[in-house]
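Here is what each chain is made of, one letter per residue.
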Amino acid sequence: MNMHGKSVSRVMDMEFEQRLVHKRFYETLIDEGEGDVVGALGDVFFAAHRDGADLSSIRFAQGEVYFHRRDYEAAIFKWENVHNELRPWAQKNMADSYYELGQLRMAEELYRSVETESETLQAELILCLFSLYRELGEKEKADEMVKRGVTLYPDYPNMTEWARAFFEEQGDWESAIELALGEAVRTSSRRWADILTGYVEQGHARTMAPARFSRCLALLYETDRVKFERLVQALWNGYRDGDLYFSWLAEWNRLDDELALGRDYEWKRIPALLAEAYEGLMKGPYRWKELVEVIPPLLKSWVNMAEGSAAAVAAAALLAWSEKVPEAFAEDIIRDAAKRLMGTRGKTREAALALFEEMAEWAEAQRAGAHFRFRWLMRRLADAQGHCVLIAGASRHERLAFLRTLVGEAALAAPSAPVLVWKHGEEAEIVKISDEQFTVFSNIEEFQQASGGRGSRFPDDAVIECTAPFSLLPQGVSLLDIGPLGGRASFDHEALISIALADSVLFLLNGDDPFSSVDEQLVFQLRERIPQAPIHFLLPPGDGMVDEQETMSIVREIEAHIRTVVPEANVIVYSPHAPSRSQQQTLVDWLGELGRHRSIERRETALLATIRQFIAHLFRQRAEAESRLAESIVWKKEMAAKLNGAIHQLGDQQEEKTTRIVKSFRAVLEETRTALATAIPDMLRQAADFVGDDSDFARLHLELNERVNERIRAYIDGEVLPRLHCALNEWIAGAEEEFNECQAFLYEMAEGLNAMFGEERLKLECDFRLLADWRRDTDRLINGVQIDKVNVFLRRTPSQLLLKGAGKLLGAFPQNKAMLAQRYRQWMQTQDYSDVAETVAQQLLMPFAWFAKSLERDMARFFQAPSAVLNETLERLELETVAQERELKQMRTHPEAYRDPLVLFSIRLRQCEQLAQAASAAVHLRQDINNPIGSL
């Protein structure tokens, strides 16, 4: 059979299988238009039966008719008896019937049991099982089936559509995208490309590897660049700000290199995407090592595809990067970028100001300062209406003397300030500016009072701007004086940053030695630092200038000498200390003329130069901050050691003073106890005098006991308590002296530590209220003493019992009283009364003993406040040290966190400079064209 025959046969087979798919095989056995299909098939069946033919095909057809009439059991019966080549189709149809009957597991078993080589039937079985599993809710099996179908039979009708609908229904966007990708590449179908792009635009591809899209993108680049751009845009927007963004950029750079994308097509979307990507990368939170891998090839792509003004921006960016990483760019690419940059007209001023604001905000976020001085400087440079004249040459004293002839006493408002500015304004105002402060004063007096007078010193970054209605200063003209800019100026001084303000220079010459070698050297330095600022010279009339003609001759001679160095210079004769009215008017007119000449180009150059100074300042500041932090950590550790020593010293003081004061108090009590132990026994022995011959010996012991208690009470009240009170007062006075010594020691300690801290951080005040409490407590104890009666002669000792009995027995006989009195006295004088004395002492001193036990606690209270202050200060210092050590470690471990943004800022600045230089070259070129050589 020839090829045509095979093709016809294949088409016929496909048509036949489609009849089987739709269960229309029966139509091949009966006449077209037959009304009674069942009857017609019955006739065919009986005719075949008579002829002895195989009846399987007829039964198959009858099953189809019964199926269409929803007689599924009859259909199954017929198909069970099919045994020819239609057997696999019959099995599949039986499964369809069980499916319709709701017997899904039976249907599944039958579908899976079919064995066939027919791709159509295999595809149909997959679709049937897919539908069955969806019906059963078995999503994993349904997913497996539809993916198998797409893999094996993607061209089978509705296979991919069923798969797409299922994936979308399940929210399985990865599978949906894989399907769309596969079909877009396999079929080159624009429809599938649109479906894929739609998925990406909806954000469903953010977690997929970018490399998965490369084949599709390459195909679209060759077949449909509009759809290529749309898919690129969708992918770019989807990956931006995601975890795979850099993977996408790397893949785009690879794709760009592979496809050699260029200017052979007018790109509508991609150049803007590249510009936005570059800007986002340069402003984003990315590290240098990440960016250096993706940005150079990205810039090559951007330069190749951009047109118009965007091409100039891209070229400037590429040239800026080529200076930082020259190895990433070939020479021909750099040359091409330089050509595309020529003739551009960029908005340098707006770009420079935006860049500075971004840098200043970043610096604040990094806690690197507010940088008011640079903000002020940029604001002044951005004012295109002003003209600033730098006063240079001579000494600071001579310059201020000259300025005084124009602005009066305001010239001396802050003669030691590094930078002074005067400008005309309706309202008087003085502004003091530094990197960290911006303070406004309404007049000179208020300013000088706040600053400490004329002789006050200012930091190197200080700027004083004085605004007032200066009658001799034209509107829009300001005067600038920079202190270090003298005959031997150091251009490394911090104040010289403000030199960028100078639109022109007025150089003060010395009348005795005009334009000396020192002046000439300073002029060279000024031309190098502010090359676009014209320099003019002010010449004081010397002693030899006696008339106008001679003066003009000398001026022309000096002017000729000056113009060998500064060709465009003018020389003005002016007496800086006492100018004539005509000289003053000439100078004022000249300043007014200067104010009408403003160079936008010079201001833009100054803006960019100031930003570069700002970047250098931030780099220096970081190094200084790291050094200061290291020094601060060392200093705080030293201070912590000193505080620890102070705490131990205070502890020693507390222990020593507590021991001494408690011991002193106990000594007072012991002295009182000793006095009682001596006085009371003597007092009781002397009580023998109370015994007389006429005593009532029956009651004598009672009377004696009463009388000795009265004597003891009188002794305590009259002698012991006053003496004790006096001793306690002396003890409190002694304690006060000790306390004063402690306080003096702590004052000295605090003064020394505060001097080291540089502020009044420590206030070590002891609690002297304790002395008042002690006075109150001791007075209360003295006044509240209560002594119970002591049982001296009422005890039941043998001797006392004997005397009591003898007194009762013999006391009635007069002749025995003398003898009994003698015996009583002898007994009283020989007794040991120490126990009585101890009892009295115990009663008297017990409250004071309790008071003594509280003294250590009281002493702790006295020292509590200074101890707490020292400990809290130490704790805070240690916490600060730990925090600073952590910060320093972070700075040293990850220097790129601070350095990388500054490197990127410097590249963006260089980009602005490239655009500014190109614009300047374009301006000069146009000027040259408009002014031919012959007309010069």
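Refer to the structure presented above.
As a starting point, this report considers the structure included with it.

Analysis parameters
Every chain's residues receive numbers from 1 upward, in the order its sequence appears when written. Side-chain atom pairs in this predicted model are given and counted only at pLDDT of 80 or more, local residue features only at pLDDT of at least 70, and totals for whole chains, interfaces and linings cover all residues. For side-chain calculations, the full set of non-hydrogen atoms in the structure is used, while hydrogens and water are omitted. To qualify as a nonpolar core, a set must consist of buried Ala, Val, Leu, Ile, Met, Phe, Trp, Tyr and Cys residues joined through side-chain atoms within 4.5 Å. Note on exposure labels: buried denotes an accessible area under 20% of the residue type's maximum, exposed denotes more than 50%, and partly exposed covers the range between, all computed with a 1.4 Å probe on protein chains only. Contact definition: two residues touch when any of their heavy atoms are within 4.5 Å. A pair of strands counts as paired when DSSP detects no fewer than two bridges linking them. Per the convention used, a helix needs a DSSP run of H or I reaching at least four residues, while a strand needs a run of E reaching at least two, with both numbered from the N terminus. Under this scheme, a helix contributes an axis fitted over its contacting stretch, all axes are lines through C-alpha atoms, and angles between N-to-C directions fall in the 0 to 180 degree range. For a helix, the expected span equals 1.5 Å multiplied by the residue count minus one. Read the arc as the range of directions from the helix axis to the C-beta atoms. For the purposes of these results, a polar contact is taken to be a pair of N or O atoms within 3.5 Å, where, inside protein, one atom must be able to donate a hydrogen and its partner to accept one; residues adjacent in sequence count only when each atom of the pair is a side-chain atom. In this scheme, roughly parallel covers angles under 35 degrees and roughly antiparallel covers those over 145, while 65 to 115 is roughly perpendicular and the rest are oblique. One speaks of a salt bridge when a side-chain nitrogen belonging to Lys or Arg is within 4 Å of a carboxyl oxygen belonging to Asp or Glu. Note on ring pairs: Phe, Tyr and Trp rings are taken, using the six-membered ring of Trp, and paired if centres are within 6.5 Å. Classes follow the plane angle, with under 30 degrees stacked, over 60 edge-to-face and the rest tilted. When the NZ atom of lysine or the CZ atom of arginine is within 6 Å of a ring's centre and also within 35 degrees of its normal, the charge is said to sit over that ring.

1. Notes on the nonpolar core
Point 1. Among the nonpolar cores identified, the biggest contains 120 residues, and Phe-213, Phe-228, Trp-236, Trp-248, Trp-252 and Trp-321 are the most heavily contacted of them.
Point 2. Once residues within four sequence positions are removed from consideration, Trp-248 is found in contact with Pro-210, Leu-217, Val-232, Leu-235, Trp-236 and Tyr-239.
Point 3. Ranked by size, the runner-up nonpolar core spans 73 residues in total, among them Leu-684, Leu-771, Leu-870 and Leu-874.

2. Looking at the sheet that holds strand S3 (residues 429-433)
Point 1. Pairing in this open sheet of nine strands is mixed, and the strands run S4-S3-S5-S2-S6-S1-S7-S8-S9 from one edge to the other. With one partner strand each, in any of the chains shown, strand S4 (438-441) and strand S9 (571-573) form the two edges of the open sheet. Averaged over all adjacent pairs, the angle separating strand axes in this sheet is 20 degrees, with direction ignored.
Point 2. When strand S1 (residues 387-392) meets strand S7 (residues 504-508), the two strands line up parallel, connected through four bridges. Pairing of Leu-390 across the sheet is with Val-505, part of S7.
Point 3. On the sheet, helix H23 (residues 517-529) packs against S1, S7 and strand S8 (535-539) and is oriented at approximately 170 degrees with respect to S7.

3. So, helix H15 (residues 270-283)
Point 1. The end-to-end C-alpha separation of H15 is 20 Å, in line with the 20 Å expected for 14 residues at 1.5 Å each.
Point 2. For H15, every residue scored as buried is listed here: Ile-270, Pro-271, Leu-273, Leu-274, Ala-277, Tyr-278, Leu-281 and Met-282. Projected down its long axis, H15 carries its buried residues within an arc of 160 degrees, all on one side.

4. A look at helix H11 (residues 190-201)
Point 1. Helix length check: H11, at twelve residues, gives a terminal C-alpha distance of 16 Å against a target of 16 Å (1.5 Å per residue), a fit within 8%.
Point 2. Among the residues of H11, those classed as buried are Trp-192, Ala-193, Ile-195, Leu-196, Thr-197, Gly-198, Tyr-199 and Val-200.
Point 3. Tucked into the core, H11 has its buried residues touching helix H9 (159-170), helix H10 (173-187), helix H12 (214-223) and helix H13 (225-239).
Point 4. For H11, the N-terminal cap is Ser-189; the gap from its side-chain oxygen to the backbone nitrogen of Arg-191 is 3.2 Å.
Point 5. Once H11 finishes, Gly-203 follows within two positions and takes phi at roughly 90 degrees, a positive value.

5. Digging into the pairing of strand S5 (residues 463-468)
Point 1. Across the six residues that make up S5, a large majority, six, are buried.
Point 2. Here S5 shows no split at all, with Val-463, Glu-465 and Thr-467 on one side and Ile-464, Cys-466 and Ala-468 on the other all buried.
Point 3. In this sheet, S5 lies alongside strand S2 (residues 419-424) in parallel orientation, the contact comprising six bridges. Bridge pairing links Val-421 to Glu-465 in S5.
Point 4. Pairing of S3 with S5 involves five bridges; the strand directions are antiparallel. Of the residues in S5, the one forming a bridge with Ile-430 is Cys-466.

6. A short note on unusual backbone geometry
Point 1. The backbone of Asp-241 sits at a positive phi, close to 70 degrees, despite the residue not being glycine.
Point 2. Relative to the helices and strands, Asp-241 is located in the loop between H13 and helix H14 (245-259).
Point 3. A residue is classified by how much of its surface remains accessible, and Asp-241, at 69% relative accessible area, is exposed.
Point 4. If you check the backbone angles, Ala-260 has positive phi at about 55 degrees while not being a glycine.
Point 5. Within the secondary structure, Ala-260 is located in the loop between H14 and H15.
Point 6. Under the relative-accessibility criterion, Ala-260 is labelled exposed at 56%.

7. Describing the packing of helix H28 (residues 769-783) against helix H32 (residues 855-893)
Point 1. As a packed pair, H28 and H32 sit with axes 9 Å apart at the nearest point and diverge in direction by 150 degrees. Viewed along their axes, H28 and H32 adopt a mutual orientation that is roughly antiparallel. Residues Arg-769, Leu-770, Asp-773 and Trp-774 of H28 form the contact with H32, whose participating residues are Leu-855, Asp-858, Met-859, Arg-861 and Phe-862.

8. Looking at the pattern of salt bridges
Point 1. Scanning the entire structure with this criterion turns up 68 salt bridges.
Point 2. Among the salt bridges present, the one from Arg-375 reaches Glu-364, with a minimum N-O distance of 2.8 Å. Placement of the pair is Arg-375 in helix H20 (residues 372-382) and Glu-364 in helix H19 (residues 348-365), with a sequence separation of eleven residues.
Point 3. What makes Arg-375 buried here is its relative accessible area of 18%.
Point 4. Members of the salt-bridge network, linked through shared partners, are Asp-767, Arg-769, Asp-773, Arg-776, Asp-777, Arg-780 and Arg-861.

9. Topic: the packing of aromatic side chains
Point 1. Under the criterion given, the structure shown has 42 aromatic pairs.
Point 2. Taking 6.1 Å as the distance between ring centres and 55 degrees as the angle between the ring planes, the aromatic pair formed by Phe-166 and Phe-167 counts as tilted.
Point 3. Given the relative accessible area of 3%, Phe-166 is considered buried.
Point 4. Directly above the ring of Trp-192 sits Arg-191, whose terminal nitrogen or CZ lies 5.5 Å from the centroid.
Point 5. Over the face of the ring belonging to Tyr-221 we find Arg-225, whose NZ or CZ atom lies 4.0 Å from the ring centre.

10. A word on the side chain of Glu-108
Point 1. Within the secondary structure, Glu-108 is located in helix H6 (residues 104-113).
Point 2. According to the relative accessible area criterion, Glu-108 is buried, its value standing at 11%.
Point 3. Among the polar contacts made by the side chain of Glu-108, one reaches the side chain of Tyr-133 at a distance of 2.7 Å.
Point 4. Ignoring anything within four residues of it in the chain, the contact list for Glu-108 reads Leu-129, Leu-132, Tyr-133 and Lys-141.

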